[in-house]
Amino acid sequence: MEILQGRDLSGKVVIVTGANSGIGFETSRSLALHGAHVVLACRNRARGNVAIQKILDEWHKAKVETMTLDLSSLRNVEQFAEAYKTRNLPLHILICNAGVFGSSWQLTEDGLETTFQVNHLGHFYLIQLLQDVLRRSIPSRVIIVSSESHRFTDIKDSSGKLDLSRLSPAKKDYWAMLAYNRSKLCNILFSNELNRRLSPHGVTSNALHPGNMMYTSIHRSWWLYTLLFTLARPFTKSMSFLRIVIGKFQENFIRSLTERRHRSEESARHYYQPISTSILVTLSSVIGDVSCLLSHSPLWGKQQGAATTIYCSIAPELEGLGGMYFNNCCRCLTSQQAQDEASACALWELSEKLIQERAGSQPA
């Protein structure tokens, strides 16, 4: 991987959430093989140990370890943070990579919808609890893995206010893909607000779209998504062609539903356009680069998937810079809603409130 060529990361301590498989594993592996001390924060410790052994098989001197982290439990997040602090280790890079996608509706033990808590609130709480460690380790970075699918959703109600019922919906209002998209929008809003608050203290935060997701296991929750990921692998990652497909698909999709369900076109468009867009955009975000498949080994494809995460984590030119969003190692503009400072502040305050109500302690 070009960004890592010649880099010695000895002395750097990194936490990667969701690190036992997919892009999280490749991120951990790549950083560890260049000297970083990497903590694999995994829900399943046994799988984390398997991941560690794979890295050690490549380089027996790699500094890797696993710690249990279940983002669907605020109590477990607290336990992870407390255990980490007892180690008296610095924390130079915190990579929030873990996430769920396509899950059926389910409440966590904290009474919140799982996608929202795992993808956003759990990471929010983790960072708050480790904030003092990050500030003692400056310059330090927080990297939050989001997605291009953040562009195709809304988290405000009709009056323009942040709507918890959209972030953590009831079962009757739940649509897995929209829940995922909304959580990814939360990721960027949170990253921006985190950077605004902590960058004066030497801690920066950036969000990213992880690129080639075809090797990740994030789609394992539903067979349909697994099929989509499998079918997507032979095609290009380029968005240009898929934007055309998205437009055509949407028009036909809406017209068909208008005829079959006797809805007005305006009503059908308002309700189904986000869904149809989400399907196509999610498909476009998981397909790999055909040149990678034809010209390189599968390992190269996995490295390409982790490239943007690693770039944001260690690129010298990003030292001291945050509040940005990256795709394919390039800075990109986010959606207008993701740039909304009022929404970012409101999400921060709501997240604090939800944690205070459940964990009984106010984040710093």
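For clarity, every value in this text was computed on a predicted model and none was experimentally measured.

Colleague: Looking at this structure, how should I read the side chain of serine 147?
Modeller: Looking at where serine 147 falls in the secondary structure, it is placed in the loop between β5 (140–145) and α6 (164–167). Overall, the relative accessible area of 1% leaves serine 147 in the buried class. A polar contact of 3.0 Å, which involves the side chain of serine 147, links it to the side chain of serine 149. With sequence-adjacent residues up to four places away left out, serine 147 is seen in contact with Tyr180, Lys184, Leu208, His209 and Tyr325.

Colleague: Just checking my understanding: could you explain the pairing of strand β4 (residues 93–96) for this structure?
Modeller: Remark: a regular strand shows side chains that alternate across the two faces of the sheet. Judged by which residues are buried, β4 turns out to be covered on both faces: Ile93 and Ile95 on one side and Leu94 and Cys96 on the other are all buried. As paired strands, strand β1 (residues 13–17) and β4 are joined by three bridges and run parallel to one another. When the bridges of β4 are listed, valine 14 appears paired with isoleucine 93. In this sheet, β5 lies alongside β4 in parallel orientation, the contact comprising four bridges. Note that in β5 the partner of isoleucine 95 across the bridge is isoleucine 143.

Colleague: How do you make sense of the pairing of β1 when you look at a structure like this?
Modeller: The buried fraction of β1 amounts to five of the five residues, a majority that puts the element mostly inside the structure. Covered by surrounding structure in β1 are Val13, Ile15 and Thr17 together with Val14 and Val16, the residues of both alternating faces. When β1 meets strand β2 (residues 37–42), the two strands line up parallel, connected through five bridges. If you follow valine 16 over to β2, its bridge partner there is leucine 40. Note on the crossover from β1 through helix α1 (residues 22–32) to β2: the handedness is right-handed.

Colleague: I'm lost on the sheet that holds strand β8 (residues 330–331) in this one. Help?
Modeller: Two pairing modes exist for strands in a sheet, parallel and antiparallel, and in both the strands are linked by backbone hydrogen bonds. Read from one edge to the other, the open sheet built from eight strands follows the order β3-β2-β1-β4-β5-β6-β7-β8, with strand pairing classed as mixed. Edge positions in the sheet fall to β3 (63–68) and β8, since each has one partner strand and no second. Where helix α3 (residues 74–86) meets the sheet, its contacts fall on β1, β2 and β3, and the angle it forms with β3 comes to roughly 145°.

Colleague: I tried to follow the packing of α3 against helix α4 (residues 114–129) on my own but got confused; where do I start?
Modeller: Packed helix pairs are specified by the crossing angle of their axes together with the interaxial distance, meaning the distance between the axes. The contact between α3 and α4 brings their axes to 10 Å, and the two run at 35°. Judged by the twist between their axes, the crossing of α3 over α4 is right-handed. Contacts between α3 and α4 pair Leu74, Val77, Glu78, Phe80, Ala81 and Lys85 from the former with Gln117, Gly122, Tyr125, Leu126 and Leu129 from the latter. Classifying every residue of the contact of α3 with α4 gives seven nonpolar, two polar and two charged.

Colleague: Teacher, can you tell me more about the side chain of glutamine 337 here?
Modeller: With respect to the secondary-structure elements, glutamine 337 resides in the loop between β8 and α13 (341–359). Under the relative-accessibility criterion, glutamine 337 is labelled buried at 17%. Here glutamine 337 is in contact with Thr153, Asp154, Ile155, Lys156, Leu185 and Leu189, once residues within four sequence places are set aside.

Colleague: Hey, could you run me through the packing of aromatic side chains in this one?
Modeller: Where two aromatic rings form a pair, the distance of their centres and the angle of their planes describe that pair. Scanning the entire structure with this criterion turns up five aromatic pairs. Ring plane angle 80° and centroid distance 5.1 Å describe the contact between phenylalanine 124 and tryptophan 348, whose orientation is recorded as edge-to-face. Taken as a pair, phenylalanine 124 in helix α4 and tryptophan 348 in helix α13 lie far apart in primary sequence, 224 residues in all. Just as phenylalanine 124 is buried, tryptophan 348 falls in that class too. Aromatic pair tyrosine 311 and phenylalanine 326: ring centres 5.9 Å apart, planes at 65°, arrangement edge-to-face. Of this pair, tyrosine 311 sits in helix α12 (residues 298–314) while phenylalanine 326 sits in strand β7 (residues 325–327); the two residues are 15 residues apart in sequence, bridging distant segments of the chain. By relative accessible area, which is 13% here, tyrosine 311 ends up buried. Look at phenylalanine 326 and you get buried, because its relative accessible area is 3%. Three or more aromatic residues link up through ring pairs in this structure, and these residues are Phe124, Phe190 and Trp348. A cation over a ring is seen here: lysine 54 above phenylalanine 25, with NZ or CZ 5.8 Å from the ring centre.

Procedures and definitions
Residues numbered from 1 in each chain as written. Predicted model: local features only at pLDDT ≥ 70, side-chain atom pairs only at ≥ 80, totals over all residues. Heavy atoms only, no water. Helix = DSSP H or I, 4+ residues; strand = E, 2+ residues; numbered from the N terminus. Buried < 20%, exposed > 50% of the residue type's maximum accessible area, 1.4 Å probe, protein only. Polar contact = N/O pair within 3.5 Å; in protein donor to acceptor, adjacent residues only side chain to side chain. Contact = heavy atoms within 4.5 Å. Pairing = 2+ DSSP bridges. Right-handed = clockwise from strand over helix to strand, strands pointing away. Axes fitted to C-alpha atoms, helices over the stretch in contact; angles between N-to-C directions. Left-handed = near helix turned anticlockwise from the far one by under 90°. Nonpolar A, V, L, I, M, F, W, Y, C, P; charged D, E, K, R; others polar. Phe/Tyr/Trp six-rings, centres within 6.5 Å; stacked < 30°, edge-to-face > 60°. Lys NZ or Arg CZ within 6 Å of the ring centre and 35° of its normal.

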